[in-house]
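Residue strings, one per chain:
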Amino acid sequence: MIRLAVLLCALVAGGSVQAACRQALALGLDVSGSVDAREYGQQLDGLAAALDAGSVRQALMQQPQAPVALAVYEWSGPQDVTLLVPWTVVTSEAVLDGIIATLRGTVRVPRSPGTGLGSAMLYGAALLEQADCAQRTLDISGDGRSNLGPRPRDVKHQLAGSGITVNALVIGEDAPATGDDRQSGIGPLSSYFRAEVIFGPDSFVETALGFDSYAEAMQRKLERELLTLVIGRLE
């Protein structure tokens, strides 16, 4: 486990946040074998659309003297993690537009089919170690349980005293041709992420009933994270 953590630190080195900020937000996107080409595009475009939403833009720009820093990576197997957006302090609309353009222009590369959720958590935590911000938050999107690498529950225990918060966006199956029991189907997966993955102050699980609903779910999650922090600072 220690060797893996050192490797992950080396992989993400070189993009630390030097400027003071109110929140560091690292977003990890699941691109494992259960995510097909269409769903991959929906996930990247969905995050871009959520960041472009008026309410999220407003929250990001709310305190220019103490901005938010964003980083985005995609993950599948334990050795398949790619940093798409290195730490970027969102100091202007133009900077945010650049992040959105990067996400919309990302092209998928071949990955192993496995789901290394624990490794993805370690990678995100190593990213957040580079950020000197008042709050550090890791967001993990996923549509299935871990099946490779360290167990999420063990990583959760390892990181429990690190001072970060881990939230999750759980993605259920897309709408079937007939019938629709997605609400009941997503329950066990949400419970798994709640028990095995999330931790920290005010941590939570957001859900999307399929990749078709990913953009809306991501927007809700970002609003909850960003607006809650802004309100807390104003009180």
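The sections below set out a description of the structure shown in this document. (Residues numbered from 1 in each chain as written. Predicted model: local features only at pLDDT ≥ 70, side-chain atom pairs only at ≥ 80, totals over all residues. Heavy atoms only, no water.)

1. Section: the pairing of strand β4 (residues 131-142)
Counting buried residues in β4 gives nine out of twelve residues, a clear majority hidden from the surface. Here β4 pairs with strand β5 (residues 165-171) via six bridges, running parallel. Bridge pairing in β5 places L138 opposite V166. Following the backbone out of β4, through helix α6 (residues 152-159) and into the adjacent parallel β5, one traces a crossover that is right-handed. (Buried < 20%, exposed > 50% of the residue type's maximum accessible area, 1.4 Å probe, protein only. Helix = DSSP H or I, 4+ residues; strand = E, 2+ residues; numbered from the N terminus. Pairing = 2+ DSSP bridges. Right-handed = clockwise from strand over helix to strand, strands pointing away.)

2. Notes on the pattern of salt bridges
The tally for this structure, following the rule as stated, stands at twelve salt bridges. A salt bridge links R104 to D52, with the nearest nitrogen and oxygen atoms 4.0 Å apart. Of the two residues, R104 sits in helix α4 (residues 93-104) while D52 sits in helix α2 (residues 37-52), which places them 52 residues apart along the sequence. A cluster of three or more residues bridged by salt bridges with shared partners is formed by D52, R57, E93, D97 and R104. (Salt bridge = Lys/Arg side-chain N within 4 Å of Asp/Glu carboxyl O.)

3. Re helix α5 (residues 117-128)
Between its terminal C-alpha atoms α5 stretches 17 Å, which fits the 16 Å expected from twelve residues at 1.5 Å a residue. Among the residues of α5, those classed as buried are L117, G118, S119, A120, M121, L122, Y123, G124, A125, A126, L127 and L128. (Expected span 1.5 Å × (residues − 1).)

4. Looking at the packing of aromatic side chains
Geometrically, a pair of aromatic rings is defined through the distance of the ring centres and the angle of the planes. Throughout the structure, instances matching the rule amount to two aromatic pairs. Arranged with centres 4.8 Å apart and planes meeting at 50 degrees, the rings of Y73 and Y123 form a pair that is tilted. Of this pair, Y73 sits in strand β2 (residues 68-75) while Y123 sits in helix α5; the two residues are 50 residues apart in sequence, bridging distant segments of the chain. On the basis of relative accessible area, Y123 is assigned to the buried category, the value being 1%. Judged by centre distance (5.7 Å) and plane angle (80 degrees), the ring pair of Y192 and F193 falls under edge-to-face. According to the relative accessible area criterion, Y192 is buried, its value standing at 11%. Assessed through its relative accessible area of 0%, F193 is described here as buried. (Phe/Tyr/Trp six-rings, centres within 6.5 Å; stacked < 30°, edge-to-face > 60°.)

5. Description of unusual backbone geometry
Of note in the backbone geometry, D202 takes a positive phi value of approximately 60 degrees without being a glycine. In this structure, D202 sits in the loop between α7 (182-196) and β6 (205-208).

6. Here's the deal with the environment of V85
Here V85 is to be found in strand β3 (residues 81-90). The exposure class of V85 is buried, given its relative accessible area of 4%. Residues V85 and Y73, twelve residues apart in the sequence, show an inter-C-alpha distance of 6.7 Å. Those residues in contact with V85 that sit more than four places away from it in its chain are L70, A71, V72, I99, T102 and L103. (Contact = heavy atoms within 4.5 Å.)

7. With respect to the environment of A134
Here A134 shows up in strand β4. Judged by relative accessible area, A134 falls into the exposed class, the value being 59%. Along the backbone, A134 and A24 are 110 residues apart, and their C-alpha atoms lie at a distance of 7.9 Å.

8. What about the packing of α5 against α6?
For the pair α5 and α6, the least separation of the axes is 8 Å and the interaxial angle reads 25 degrees. Taken together, the axis directions place α5 and α6 in an arrangement best described as roughly parallel. In this structure, α5 meets α6 at a crossing whose hand is right-handed. For the pair α5 and α6, contact is made by L117, G118, M121, L122 and A125 and by P152, V155, K156, Q158 and L159, respectively. Here the contact of α5 with α6 is built from residues that sort into seven nonpolar, two polar and one charged. (Axes fitted to C-alpha atoms, helices over the stretch in contact; angles between N-to-C directions. Parallel < 35°, antiparallel > 145°, perpendicular 65-115°, else oblique. Left-handed = near helix turned anticlockwise from the far one by under 90°. Nonpolar A, V, L, I, M, F, W, Y, C, P; charged D, E, K, R; others polar.)

9. Some details on the nonpolar core
Formed by 36 residues in total, the largest nonpolar core has its most connected members in Y73, W87, I140 and F193. Among the elements that line this core, the one with the most residues is α5, at eight residues. In this structure, L27, A59, L60 and V85 belong to the second largest nonpolar core, which totals 34 residues. (Core = buried A, V, L, I, M, F, W, Y, C linked by side-chain atoms within 4.5 Å.)

10. Quick word on the side chain of S141
Here S141 lies in strand β4. A polar contact is formed between the side chain of S141 and the side chain of Y214, at a distance of 3.0 Å. Apart from residues no more than four positions distant in its own chain, S141 is found in contact with G28, L29, D30, Q43, W75, L169, I171, Y214 and M218. (Polar contact = N/O pair within 3.5 Å; in protein donor to acceptor, adjacent residues only side chain to side chain.)

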